[in-house]
Amino acid sequence: MSDPSDEKRGWKRGWLRIGHLELSDLLVETFSVLLGVLLALLINAWVQKRQTQDKVDEAMASIRQELRSDRETLESRRSYHQSLIEGIDTALKSPHPPIYCQDVDGWHGFYSPVETPLLRAAYDTAMASGVLADMGFENTRRIATLYAGFNRYDAFYGKTLDWMIQQWIATQAQGFDIRICRGLLHDLGTSEQKVEQDLDSYLNQK
């Protein structure tokens, strides 16, 4: 006659087995698989975050370099325009002031003889690739504001050329009114100075 306690222990051992596996072994294997999957996901997330940060750092370095170059371009333009204003002021004080801008000493037109366009390739690339969205809201906002300022300045700069063409036609290629020239140069200088100040505020931040 079998011992009831032996039957009970046998039933428990049977309940803890699935096929040839003990339930404890199955739990260990399941936990190991889940832990492996979790670690793989964590490592993948870390790698993706690291790759994203690398792209952000690379894009930021390119944008800051681009902004420094644009800062130098604006400073060069403003210096040239200021020299033209000083030349016009001197000419207007003469006994027989000239009527047209091109009669002023040192006049080479609104555009500097070594004119350099403002750059925006790094910003456009960061925007097109989606990296700009990973830079943080405040940083992205400030960068976008700077380039929007460039757009407004370039639009005004382009309007001066349109005015010059219209004046050239209206005066039958005689020239551009010296006083209007001075006013436009002053406005250009003010616009350039404003953009420079915005650039300095951003580039000099720690």
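Structure shown above.
Presented here is a report on the structure given in the accompanying data block. (Residues numbered from 1 in each chain as written. Predicted model: local features only at pLDDT ≥ 70, side-chain atom pairs only at ≥ 80, totals over all residues. Heavy atoms only, no water.)

## Overview of the pattern of salt bridges
Thought 1: Taken as a whole, this structure holds ten salt bridges when the rule is applied.
Thought 2: Between E196 and R71 there is a salt bridge whose closest N-O contact spans 3.0 Å. With E196 in helix α5 (residues 178-203) and R71 in helix α2 (residues 23-92), this residue pair connects regions lying 125 residues apart in the sequence.
Thought 3: Between R182 and D89 there is a salt bridge whose closest N-O contact spans 2.6 Å. On the criterion of sequence distance, the pair formed by R182 in helix α5 and D89 in helix α2 is long-range, its members being 93 residues apart.
Thought 4: Relative accessible area serves as the criterion here: at 25%, D89 is assigned to the partly exposed category. (Salt bridge = Lys/Arg side-chain N within 4 Å of Asp/Glu carboxyl O. Helix = DSSP H or I, 4+ residues; strand = E, 2+ residues; numbered from the N terminus. Buried < 20%, exposed > 50% of the residue type's maximum accessible area, 1.4 Å probe, protein only.)

## Re the nonpolar core
Thought 1: Core analysis: the biggest nonpolar cluster contains 40 residues, and I63, L67, F110 and M135 have the highest contact counts within it.
Thought 2: For this core, the secondary-structure elements that each account for two or more residues are α2, α3 (121-129), α4 (137-170) and α5.
Thought 3: Here the element with the most residues in this core is α2; it accounts for eleven residues. (Core = buried A, V, L, I, M, F, W, Y, C linked by side-chain atoms within 4.5 Å.)

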